[in-house]
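Take a look at the letters that make up each chain.
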Amino acid sequence: MIIPPGAMLGLLGGGQLGRMFTMAAQSLGYRVTVLDPVENGPAGSIAERHLRADYLDSAALHEIGATCAAITTEFENVPAESLRILAQHCVVSPASSSVSIAQNRILEKNFLSANGFQVAPYAIIEDSRDSQNSHTEWFRLPPGLFPGILKVSRLGYDGKGQVRVDEPTQLDRAFSGMNREPCVLEQLLPLANEVSVVVARGFDGTAITFPVSENQHRKGILDVSIVPARVSPSIVQNAREAALRVAETLEYHGVLCVEFFVLGDGQLLVNEIAPRPHNSGHYSIDTCVTSQFEQQVRVLCGLPLGGTSMHGAAVMVNLLGDLWQGGEPEWEHVLRHPHVKLHLYGKLAARPGRKMGHYTVLGETTEAALQLALEIKRSLECAHSSAFEPGPCLQDAYRTKTDE
Ligand code: ADP
Ligand code: MG
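**Student:** Honestly, the overall build of the protein chain in this entry has me stumped. Any pointers?
**Tutor:** Scanning the protein chain from N- to C-terminus turns up 13 helices and 18 strands. Taking 22 Å as the expected radius of gyration for a compact globule of 404 residues, we find that the protein chain reaches 21 Å, a close match to that expectation. Principal-axis analysis of the C-alpha atoms gives the protein chain an extent of 60 × 50 × 45 Å. When burial is assessed residue by residue, the protein chain has 54% of its 404 residues classed as buried. Long-range pairs, those at least 24 residues apart, make up 62% of the contacts in the protein chain between residues at least 6 apart in sequence. As presented, the protein chain carries roughly 17,200 Å² of accessible surface, and 51% of it is formed by carbon and sulfur atoms. Computing the positive centroid from 33 side-chain charges and the negative centroid from 44, the protein chain places the two 1 Å apart.

Laid out in structure tokens, this is it:
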């Protein structure tokens, strides 16, 4: 079914991903209603309509379902139940069945490994009904899982809800630190690299992948994405194929991101999947024929998918709230470069670690774009040098978290 321009589209969630979806929808002539409990959020403040209510509020769900032709979401922690209810009234993408897997690390890992995708060695950590027994069982975990990372199964993001666990004796304390919510314990791997692939898959099963992005994280938060990824052609091909297979196996309709770990021998492991456009795909706004957000609109409205080829290389750098410590950053450092695009999300309060915006450097080569991206980053950070520590390596990042 094709939903023609002019129709009202519904969006659950009101953050920056929703803002960029709303902009893409509006530029194709659609209108957007945002359901978001927060006032003045990035998406709600630019959409035609903002329903300010909880995602499970039945009156609000009824209203958005009755007034929108199709509904999507911009964050994986939207209650899957809300998507299920809405699907009885209108087109919904992605389906609640896909979102419920992606928003729960235990279901996600089990789904991936049951379907033949390689993942990091893991164990499920939860209090058994007979909770007295649980830790004796944990002491029988394979020693290979240590040092590991304990990740809470639900509601973690940007490295939150994760803690490093060096040995089995630390596990119980770390688990208590997660309020004994179900968790996944994952082996801490020596990563050669991290890459991700955004896939768009329509209701008719046609699917397309975006170029592979190479991602560098700082303190568990995406810092820089480099596209095309500086990995071998076989890794690129394997990542694109695996991402497509994940989407097919999930019978996914919408935009999905698959994050991978790359090991020293080139082996690819699926880290996690996000049932929505992804931070590592923001480069597509400025460098691809069709952005990941336009693709989300196209799938939702039953339009043909757009091309994903790139006009050139790109490097995306996230702008976190830390940069605002001394007031508004000096955007002159970014804007004076003709091939750099600045995106700010309109968030009213800057907090450390909060994603406030990003910039994308376009270049003929990845190296040229990366060099300029890092120069700009240094100029911005120098202005607020006290806010920044020297770039921590992953191990240090986890040490900091455990210490907190
Ligand atoms: P989030 O939901 O916060 O993105 P991730 O599981 O993707 O959680 O972890 C965030 C980052 O932490 C990863 O991109 C990676 O840099 C690092 N990380 C997570 N798990 C591991 C692991 N098992 N081994 C090494 N690094 C990891
Ligand atoms: Mg991640």
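That covers the picture; the talk isn't over yet.
**Student:** Got a minute to help me understand the coordination of the magnesium ion (ligand 2) in this structure?
**Tutor:** In an ideal octahedron of six donors the angles at the metal are 90 or 180 degrees, and in an ideal tetrahedron of four donors they are 109.5 degrees. Every protein donor of the magnesium ion (ligand 2) is listed here as E259 (OE), E259 (OE) and E272 (OE), and their distances to the metal cover 2.0 to 2.8 Å. Of this pair, E259 sits in strand β14 (residues 254-263) while E272 sits in strand β15 (residues 268-274), and the two are 13 residues apart along the sequence. Look at E259 and you get buried, because its relative accessible area is 9%. Overall, the relative accessible area of 19% leaves E272 in the buried class.

**Student:** What is the right way to look at the sheet that holds strand β3 (residues 49-51) in this model?
**Tutor:** Strand pairing in a sheet is mediated by backbone hydrogen bonds. Such pairs are either parallel or antiparallel. Pairing within the open sheet is parallel, and its five strands lie in the order β3-β2-β1-β4-β5. Two strands bound the open sheet, and with one partner strand each, they are β3 and β5 (91-92). Direction of pairing for strand β2 (residues 31-35) relative to β3: parallel, over a ladder of three bridges. Note that in β3 the partner of T33 across the bridge is R49. Where helix α1 (residues 16-27) meets the sheet, it contacts β1 (8-12), β2 and β4 (70-73), and its direction lies at approximately 170° from that of β1. Most of the contacts of helix α10 (residues 292-300) go to β4, to which it runs at about 145°, and overall it touches β1, β4 and β5.

**Student:** Would you mind showing me how to read the side chain of Q103 here?
**Tutor:** With respect to the helices, strands and loops of the structure, Q103 is situated in the loop between α4 (96-102) and α5 (105-114). Within the structure, Q103 has its side chain in polar contact with the side chain of R154 (distance 3.5 Å). Every residue in contact with Q103, bar those within four places of it in the chain, is listed here: E76, N77, V78, A80, S153, R154 and L155.

**Student:** Just checking my understanding: could you explain the sheet that holds strand β6 (residues 122-125) for this structure?
**Tutor:** Spatial strand order, β6-β9-β7-β8: four strands in an open sheet with antiparallel pairing. Of all strands in the sheet, those bounded by a partner on one side alone are β6 and β8 (162-165). Each neighbouring strand pair of the sheet contributes to a mean axis angle of 25°, computed without reference to strand direction. Of the strand pairs in this sheet, strand β7 (residues 148-152) and β8 are connected by four bridges, and their pairing is antiparallel. Directly across from L150, in β8, lies its bridge partner V163.

**Student:** How should unusual backbone geometry be read in this particular structure?
**Tutor:** Glycine aside, a negative phi is what most residues show, and trans is what most peptide bonds show. Here the residue pair F146 and P147 is connected by a cis peptide bond, since its omega of -10° sits within 30 degrees of zero. Of note, P147 is situated in the loop between α6 (131-138) and β7. Positive phi is not limited to glycine here, since E251 has a value of about 50°. Structurally, E251 can be placed in the loop between α8 (233-249) and β14. On the basis of relative accessible area, E251 is assigned to the exposed category, the value being 59%.

**Student:** So what exactly am I meant to see when it comes to the pairing of strand β9 (residues 183-187) here?
**Tutor:** Along a regular strand, successive side chains alternate from one face of the sheet to the other. The buried fraction of β9 is high, at four of five residues. Both β6 and β9 contribute to a ladder of four bridges, which runs antiparallel. Of the residues in β9, the one forming a bridge with Y122 is E186. Pairing between β7 and β9: five bridges, direction antiparallel.

Conventions used here
Residues numbered from 1 in each chain as written. Chains lettered and ligands numbered in written order. Predicted model: local features only at pLDDT ≥ 70, side-chain atom pairs only at ≥ 80, totals over all residues. Heavy atoms only, no water. Helix = DSSP H or I, 4+ residues; strand = E, 2+ residues; numbered from the N terminus. Rg over C-alpha atoms; globule rule 2.2 N^0.38 Å. Buried < 20%, exposed > 50% of the residue type's maximum accessible area, 1.4 Å probe, protein only. Contact = heavy atoms within 4.5 Å. Areas by Shrake-Rupley, 256 points an atom, 1.4 Å probe, with all protein chains shown as cover. Lys, Arg positive; Asp, Glu negative; His and termini not counted. Charge placed at Lys NZ, Arg CZ, Asp CG, Glu CD. Donors = N, O, S within 2.8 Å, 3.2 Å for Na, K, Ca; no water. Pairing = 2+ DSSP bridges. Axes fitted to C-alpha atoms, helices over the stretch in contact; angles between N-to-C directions. Polar contact = N/O pair within 3.5 Å; in protein donor to acceptor, adjacent residues only side chain to side chain.

It is worth stressing that arrangement in space is one thing and function is another; only the former is reported here.
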